[in-house]
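Listed here are the chains, written in short residue letters.
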Amino acid sequence: VTTATSLIRSTFFVYVVLKNLWIPAGSMYLFAISTLFLLSFADGVYFTELNWYADPSGYYQTANPGAYAKIGFVGTRLSLTLDQSDVPAEPYMDLKWTVDNAPWQTVRLPSTDVVQLASGLSAGNHTAVLYVMRSLQSEDRWVPQCKVKITSISTDGQLFTPELRPKRMLAYWDSIGEGVRVLGAHSDVEDLVDNDSTQTFLMALAGALNAEISSVSFGRQGYVTSGNGNVPPVFTPGNDKLSAWNKFDALHSRLNASGLFDPMPDYIVCGHGTNDGGNPAVAEAALGWMTAVRHAAPSSDIFVIIPFGGFAQPNIQIAFTKYQASTPDPKMHLIDLGADGQAGLTQFIAGGTAESGDGVHPLAWRSGQLGGLLTAQLLMSQA
């Protein structure tokens, strides 16, 4: 027995299908009824708004580790339906979730099209939180095959809007924000072993500032450097096609028809530069990014953050100084953690450091520490 409920444009319908059902004579069966919610901006499901592409036809899609969803439901079970018609054949992504803060569970994609998040729960209100934990950086993330595409949610009860943090944050970062090697550094090909987007400084920072965070982090990407998975640089002056900041992917804009972020983030943070090194083109690209993002987010506090290892610092400083000279902007901030941020993270080292498995990517404890340092600096810059 299946019932389906559609919330598309507030139109409501229910149907029941009994197909090829045979009940032996004299038998009694109690049927569990599930409700299928088609995802066309359904109430009760929250997706981090600026790293999930929400298609009007009714699916949500992301290629970003760190993207997450919160689902409030009344019932005893919960499952997702995925569209895996054009994803890699090899294992390429791990999803991670918890229901009511129970121990984390994971599933590796590709998987079955229906992923069971919970079953056998006691009747009542429950909240599930689902993350894109990690993915293979070598797979295409721009005309994305390395993605998760959710088309529906099923429960034997109803959905309700889960409790959300009041603020919104948008973060642009590289592999460090993606959680690469936060669990250690075993080899160059162990993305599905070493990485975990849920244990990064960005998650710590968002929690401290009481914000839901849309993390847009691609390994190897920089202001002028293309990211793994065919992702363009963050900002290419005069070439929007080769600028990733304003797009979910090659086909979908992150901005609304007015050229604005929607919803408007309270905070925007950008920590690129590690992969750009001393390239002098960073100054022009970073200046262009600051100008463009301010147009798209006229009311947001924007934080340009010097990479933890100090990479590209001179050129980012030049860009920030030029921006403020031409457009004095009290809500555009430059953050440099200096020696506190650099400790153990300044160069690739065989065997790593106490703070990092490879000398650049922070381990989980160090990443959490960096989140605390950033929180303090962001709050002081707004004082």
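Just above, that's the structure.
Since the structure is predicted, the reported quantities are computational estimates derived from the model, not experimental observations. (Residues numbered from 1 in each chain as written. Predicted model: local features only at pLDDT ≥ 70, side-chain atom pairs only at ≥ 80, totals over all residues. Heavy atoms only, no water.)

Chemist: Could you clarify how one ought to interpret helix H5 (residues 313–326) in this entry?
Modeler: Every α-helical turn comprises 3.6 residues, leaving residues that sit three or four positions apart pointing alike. With 14 residues, H5 should reach 20 Å at 1.5 Å per residue; the first-to-last C-alpha distance of 20 Å fits that figure. Contact partners of the buried residues in H5: helix H4 (281–296), strand E20 (301–305) and strand E21 (332–335). (Helix = DSSP H or I, 4+ residues; strand = E, 2+ residues; numbered from the N terminus. Expected span 1.5 Å × (residues − 1). Contact = heavy atoms within 4.5 Å.)

Chemist: Got a minute to help me understand the nonpolar core in this structure?
Modeler: Counting 34 residues, the largest nonpolar core has Tyr172, Tyr223, Trp245, Phe261, Ile268, Trp289 and Met290 as its most contacted members. Among the elements of the structure, strand E15 (167–173), strand E19 (267–270), H4, E20 and H5 are those that each provide at least two residues to this core. If one sorts the elements of this core by residue count, H4 sits on top with 8 residues. Residues within four places of Ile268 in sequence aside, it is in contact with Leu170, Tyr172, Phe261, Trp289, Val293, Ala297, Ser300, Asp301, Ile302 and Phe303. (Core = buried A, V, L, I, M, F, W, Y, C linked by side-chain atoms within 4.5 Å. Buried < 20%, exposed > 50% of the residue type's maximum accessible area, 1.4 Å probe, protein only.)

Chemist: For this particular structure, what's the right way to read the pattern of salt bridges?
Modeler: Charged atoms that come close allow side chains of opposite charge to pair. Inspection of every chain in the model, using the stated rule, returns 13 salt bridges. In this structure, Arg168 and Glu49 form a salt bridge, with 3.1 Å as the shortest nitrogen-oxygen distance. Taken as a pair, Arg168 in strand E15 and Glu49 in the loop between strand E4 (45–47) and strand E5 (53–55) lie far apart in primary sequence, 119 residues in all. Judged by relative accessible area, Arg168 falls into the buried class, the value being 15%. (Salt bridge = Lys/Arg side-chain N within 4 Å of Asp/Glu carboxyl O.)

Chemist: For this particular structure, what's the right way to read the sheet that holds strand E16 (residues 211–217)?
Modeler: Adjacent strands of a sheet pair through backbone hydrogen bonds, lying either parallel or antiparallel. The sheet built from 5 strands is open, its strands ordered E16-E15-E19-E20-E21 with parallel pairing. Edge positions in the sheet fall to E16 and E21, since each of these pairs with one other strand and no more. Looking at each pair of strands side by side, their axes are set apart by 20 degrees on average, direction ignored. Pairing between E19 and E20: 4 bridges, direction parallel. Across the sheet, the residue bridging to Cys270 is Val304, located in E20. Here H4 sits on the sheet and contacts E15, E19, E20 and E21; the angle it forms with E20, its principal contact strand, is near 160 degrees. Along the sheet face, H5 touches E20 and E21 and points at about 155 degrees away from the line of E21. (Pairing = 2+ DSSP bridges. Axes fitted to C-alpha atoms, helices over the stretch in contact; angles between N-to-C directions.)

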